[in-house]
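As a plain string of letters, each chain reads:
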Amino acid sequence: MATTMTEVARAAGVSQKTVSRVVNGEPHVSPEVRDRVLRVIGELDYRPNNAARALLLGRYRRIGVVSLGTALYGPSTLLFTLERAMQRAGYSFALAGTLEGQPVSVAVEALLEQGVDGIVLSEPIDDGTPLRLGADVPVVSLGEGVDLTEGVGAVVCADGVAAARIATEHLLSLGHRTVWHIPGPQNWWAARDRLRGWREALAAAGAPEPPLATEGDWSPAAGYAAGRQLARLTDVTAVFVANDDMAIGALHAFTEAGRRVPDDISVIGYDDIPAAAYLSPPLTTVRQNFAAVADRAVDHLIALIEGRPEPAEPTEPAVELTVRASTAPIRTT
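Please read all numbers here as calculations on a predicted model, not as lab measurements. (Residues numbered from 1 in each chain as written. Predicted model: local features only at pLDDT ≥ 70, side-chain atom pairs only at ≥ 80, totals over all residues. Heavy atoms only, no water.)

1. Topic: the packing of aromatic side chains
Each aromatic ring pair is specified by the distance between its two centres and by the angle formed by the two planes.
Here comes step 1: One pass over the full model with this rule turns up two aromatic pairs.
Here comes step 2: A ring pair is formed by Tyr73 and Phe290, whose centres lie 5.9 Å apart and whose planes are at 75°; its orientation type is edge-to-face. Taken together, the positions of Tyr73 in helix H5 (residues 73-88) and Phe290 in helix H11 (residues 290-306) put the pair 217 residues apart, joining distant regions of the chain.
Here comes step 3: Given the relative accessible area of 26%, Tyr73 is considered partly exposed.
Here comes step 4: Ring centres 5.5 Å apart and planes at 75° place the aromatic pair Trp188 and Trp218 in the edge-to-face group. (Phe/Tyr/Trp six-rings, centres within 6.5 Å; stacked < 30°, edge-to-face > 60°. Helix = DSSP H or I, 4+ residues; strand = E, 2+ residues; numbered from the N terminus. Buried < 20%, exposed > 50% of the residue type's maximum accessible area, 1.4 Å probe, protein only.)

Rendered as structure tokens:
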């Protein structure tokens, strides 16, 4: 038998009205009470009647997310933090994955058919052409801008360009003449942002821009292959790698070739995956605050859904440099 709202209220020690406020994302509920009610809802597997609620309120209290199906750390962590942010705001989470070669519009249509109040585009890949969508609900993109034929939208994302500049500037500040780059796949907007930020930092510093290493696919194997190329070049003293997994492969290639890190080559990654602090040497990297990005995206989308003013800009940085032992001042002879 399905759990009722009365049972949830009794187990949480609150009134049915309070449970209703939590389920519908209404104000005037303290964070402690909201968390307790949400915990009981999870424990009792309470499922509100979304169809009836949609008819009553004109909304489903559900947000759809379009994302590439991948186990990569960045996209998968962002999905998790988006779901948590939606739950805290009283909205349920619906996911539509994109298949290889499938247009994003197919996933959007699938979500609209389910019934959603808004959509987050967490799809990290594009073909370089402007994305046009027809959606009668608000849309927030976590990457490139979207040309909406109807509805309203916005772009909310971590500034990968600025983050890549910070990483590159850190290496230049250590006295390295220039910084080499192992790029990610250029059909990912994040990889293009990191490439752009690297170039901007070099140009601003008047440092020469060296040739790019072979484009990687985010994997340690790709970083290893690119690292083997760079290890043969004696003038390579600093490398910015587009993600930590490829940096792990590059570290292995440099060590295998007898190029010590950081004595001979400084290496910096991007993402701050859990293993980064436990490598040998521990990896200097750019940490992405996925929770901050998710909270901002969900707050912005719900403001559009509910017709409220845009939320204030967050004070917490979306990215920050985490300096560890894989980077050091260049050795002088």
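Let's pick the thread back up.
2. Some words on helix H1 (residues 5-12)
Here comes step 1: Taken together, the buried positions of H1 are Val8, Ala9 and Ala12. On an axial view of H1, the arc spanned by its buried residues comes to 100°, and they lie on one face.
Here comes step 2: Looking one or two places after H1, you find Gly13, whose phi comes out positive at around 70°. (Arc of directions from axis to C-beta.)

3. Concerning the pairing of strand S10 (residues 266-271)
Here comes step 1: Burial within S10 is extensive, with six of its six residues counted as buried.
Here comes step 2: Where strand S9 (residues 238-241) meets S10, three bridges bridge the pair, whose relative direction is parallel. Bridging from a neighbouring strand, Ala238 pairs with Ser266 of S10.
Here comes step 3: Assessed by its sense of winding, the connection that carries the chain from S9 through helix H10 (residues 244-256) to S10 is right-handed. (Pairing = 2+ DSSP bridges. Right-handed = clockwise from strand over helix to strand, strands pointing away.)

4. Remarks on the pattern of salt bridges
Here comes step 1: Considering all chains together, one arrives at twelve salt bridges under this definition.
Here comes step 2: Of the charged contacts, one joins Arg196 and Glu200 as a salt bridge, the two residues approaching to 2.9 Å between their closest N and O atoms. Taken together, the residues span about one helical turn, with Arg196 and Glu200 both in helix H8 (residues 189-205) at a distance of four residues.
Here comes step 3: Exposure remark for Arg196: the relative accessible area of 49% places this residue in the partly exposed category.
Here comes step 4: Given a relative accessible area of 29%, Glu200 falls into the partly exposed group.
Here comes step 5: With its nearest N and O atoms 2.4 Å apart, the salt bridge here joins Glu320 to Arg287. Residue Glu320 is found in strand S12 (residues 319-322), and its partner Arg287 is found in strand S11 (residues 284-288); the two are separated by 33 residues along the sequence.
Here comes step 6: Look at Glu320 and you get partly exposed, because its relative accessible area is 33%.
Here comes step 7: By sharing partners, the salt bridges in this structure join Arg260, Asp263, Asp264 and Arg331 into a single network. (Salt bridge = Lys/Arg side-chain N within 4 Å of Asp/Glu carboxyl O.)

5. Quick notes on the environment of Ala318
Here comes step 1: Following the sequence through the fold, Ala318 ends up in the loop between H11 and S12.
Here comes step 2: Once the C-alpha coordinates of Ala318 and Cys157 are considered, the two residues, 161 residues apart in sequence, prove to be 8.4 Å apart.
Here comes step 3: Not counting residues up to four positions away in its chain, the partners in contact with Ala318 are Ala158, Arg287, Gln288, Asn289 and Val293. (Contact = heavy atoms within 4.5 Å.)

6. Topic: the environment of Glu123
Here comes step 1: Assignment of secondary structure puts Glu123 in the loop between strand S3 (118-121) and strand S4 (131-134).
Here comes step 2: We classify Glu123 as buried; its relative accessible area is 11%.
Here comes step 3: Sequence separation between Glu123 and Gly143 is 20 residues, and the spatial gap between their C-alpha atoms is 7.5 Å.
Here comes step 4: When residues no more than four places from it in sequence are discounted, the contact partners of Glu123 are Val66, Ser67, Leu68, Thr98, Val104 and Trp189.

7. As for the nonpolar core
Nonpolar side chains in soluble globular proteins tend to end up buried together.
Here comes step 1: Ranked by size, the top nonpolar core spans 37 residues in total, and within it Ile63, Leu82, Met86, Val120, Leu142, Val179 and Phe240 carry the most contacts.
Here comes step 2: Every element with two or more residues in this core is listed here: strand S1 (62-68), H5, helix H7 (160-173), H8, S9, S10 and H11.
Here comes step 3: The element that contributes the greatest number of residues to this core is H11, accounting for eight residues.
Here comes step 4: Sequence-distant contacts of Leu82, defined by excluding residues within four places in its chain, comprise Val65, Val120, Ser122, Leu142, Ala294, Ala297 and Val298.
Here comes step 5: The next biggest cluster of nonpolar side chains, apart from the first, holds 26 residues, and it includes Trp188, Ala222, Val261 and Ala276. (Core = buried A, V, L, I, M, F, W, Y, C linked by side-chain atoms within 4.5 Å.)

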